[in-house]
Amino acid sequence: MASNLRVRENRQINQFLEHLRSERRMSGHTISNYRRDLLRLSGFCDAEGSGRWSDLKPQHARAYAARLHRDGLGGKSIQRMLSAGRSLYRYLLREGICHQNPIVGIAAPKSGKRLPKTLSVEQTARLVEIDGSKPIAVRDRAIMELLYSSGLRLAELVALDVLDVDLKDEVVRVTGKGSKTRVVPVGRHARDAIRAWLAERAPTQGGQALFVGHAGRRLGVRAVQQRLRHWARERQIRVAVHPHKLRHSVARHLLESSGDLRAVQELLGHANISTTQIYTHLDFQHLARVYDGAHPRARKKGAAGSRRERASTGRSRNKAGR
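Enquirer: Hey, could you run me through the packing of aromatic side chains in this one?
Expert: The geometry of an aromatic ring pair is captured by two quantities: the separation of the ring centres and the angle between the planes. Counted under the stated rule, the structure contains 4 aromatic pairs. Their ring planes at 65 degrees and their centres at 6.0 Å tell us that Phe16 and Tyr34 sit as a pair that is edge-to-face. Within this pair, whereas Phe16 is found in helix α1 (residues 2–22), its partner Tyr34 is found in helix α2 (residues 28–48), the two being separated by 18 residues in sequence. Residue class for Phe16 comes out buried when judged on its relative accessible area of 1%. Here Phe44 and Tyr64 contribute two aromatic rings whose centre-to-centre distance is 5.1 Å and whose plane-to-plane angle is 50 degrees, an arrangement assigned as tilted.

Enquirer: Can you walk me through the sheet that holds strand β1 (residues 165–166) in this structure?
Expert: Hydrogen bonding along the main chain pairs the strands of a sheet, whether they run parallel or antiparallel. Here 3 strands make up an open sheet; going across it, the order is β1-β2-β3 and the pairing antiparallel. If you trace the sheet from one side to the other, it starts and ends with β1 and β3 (181–185), each paired once.

Enquirer: Please explain the packing of helix α6 (residues 135–150) against helix α10 (residues 243–258) as it appears in this structure.
Expert: A packed helix pair is summarised by two numbers, namely the angle formed by the two axes and the spacing between the axes. Relative to each other, α6 and α10 sit at 40 degrees, their axes nearing to 7 Å. The angle between the axes of α6 and α10 places the two elements in the oblique class. Like other packed secondary-structure pairs, α6 and α10 cross with a definite hand, here right-handed. Across the interface between the two elements, Met144, Leu147, Tyr148 and Ser149 of α6 pack against Pro243, Leu246, Ser249, Val250 and His253 of α10.

Enquirer: Can you walk me through the layout of surface pockets in this structure?
Expert: Considering only enclosed or pocket space, the second largest pocket measures out at about 180 Å³ in volume. Lining the second largest pocket, in full, are Val121, Thr124, Ala125, Val128, Glu129, Glu145, Tyr148, Ser149, Gly187, Arg188, His189 and Ala190. Element by element, the count of residues in the lining of the second largest pocket is highest for helix α5 (residues 121–128), at 4 residues. Its residues assigned to classes, the lining of the second largest pocket shows 5 nonpolar, 4 polar and 3 charged.

Rules and cut-offs
Residues numbered from 1 in each chain as written. Predicted model: local features only at pLDDT ≥ 70, side-chain atom pairs only at ≥ 80, totals over all residues. Heavy atoms only, no water. Phe/Tyr/Trp six-rings, centres within 6.5 Å; stacked < 30°, edge-to-face > 60°. Helix = DSSP H or I, 4+ residues; strand = E, 2+ residues; numbered from the N terminus. Buried < 20%, exposed > 50% of the residue type's maximum accessible area, 1.4 Å probe, protein only. Pairing = 2+ DSSP bridges. Axes fitted to C-alpha atoms, helices over the stretch in contact; angles between N-to-C directions. Parallel < 35°, antiparallel > 145°, perpendicular 65-115°, else oblique. Left-handed = near helix turned anticlockwise from the far one by under 90°. Contact = heavy atoms within 4.5 Å. 1 Å grid on protein atoms, 1.4 Å probe; cavity = no way out; pocket = protein on both sides within 12 Å on 5 of 7 lines; lining within 4 Å. Points joined across faces, edges and corners; volume = space filled by probe spheres on them. Nonpolar A, V, L, I, M, F, W, Y, C, P; charged D, E, K, R; others polar.

Okay, here's the thing in structure tokens:
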């Protein structure tokens with residue numbers, strides 16, 4: 001009986017995930033995250049004896065959030081899991097399976113906001129300016145130049161077709177989250193790298209895919225991640241490098257040089273400017289470091305300078321004593 005009940009509940013999860021895929025056009029990666037989070041919630045319901053989704057009450061949802069916190073999850077992860085549960089219940093309400101959303105109003109513990117890590121301008125240049133005439137090196141440079149030039153998400157990059165890039169108008173058409181399309185500029189170095197790659201890429205490979213692998217199929221997200229790690233090692237960059245770090249880096253570098261938050265929001269495709277504002281904190285950190293290092297009333301004297309000042313003061317006192 002219990003196993004039949006669980007099969008039915010899991011079937012409802014699968015139906016909800018299909019709803020996300022077909023109606024809300026969410027990416028495979030996002031749907032995979034939803035599946036993992038909802039199966040964890042389902043396991044908690046089993047352990048608490050609340051086998052049906054309709055049996056879950058607000059006190060169960062609060063206990064679930066507390067359990068996640070005790071298991072060591074941060075506030076952001078708990079909030080994501082609660083959000084997945086709320087979305088599931090909205091679907092179940094729509095389908096008439098449940099009559100309340102017990103997760104509404106359940107908040108995750110607050111956690112400190114972590115600022116995104118970025119590469120410096122010098123590190124970025126060292127990473128993307130790779131040499132090599134082999135097709136894989138030519139392709140990889142085009143990938144990295146485009147990621148940094150246009151601030152693309154990894155899923156947006158691998159989904160690109162050849163016709164999405166307009167080298168004459170210097171733009172690329174990107175399909176982002178929620179199937180929203182935006183047109184963003186492509187810089188000179190990225191355009192040159194893409195032209196070089198298109199000259200190497202066989203016209204029949206990968207259908208319309210812009211970036212393809214050895215077998216001629218569209219390049220996947222894992223392959224791009226691995227290639228960036230490879231080049232970071234080759235170029236002796238001593239920090240972790242992944243595609244999203246290039247996205248963070250272009251946002252920070254643009255803000256440092258222009259201060260135009262709205263332009264960065266449009267480039268990155270953020271629906272809410274509050275998402276973009278996190279980069280202003282990075283920009284302020286940069287300003288603070290420059291200020292501390294350059295302002296004459298902010299500089300801290302080094303040990304040698306302090307010793308010289310003390311020695312000079314001592315000599316002045318000796319002369320005064322004589």
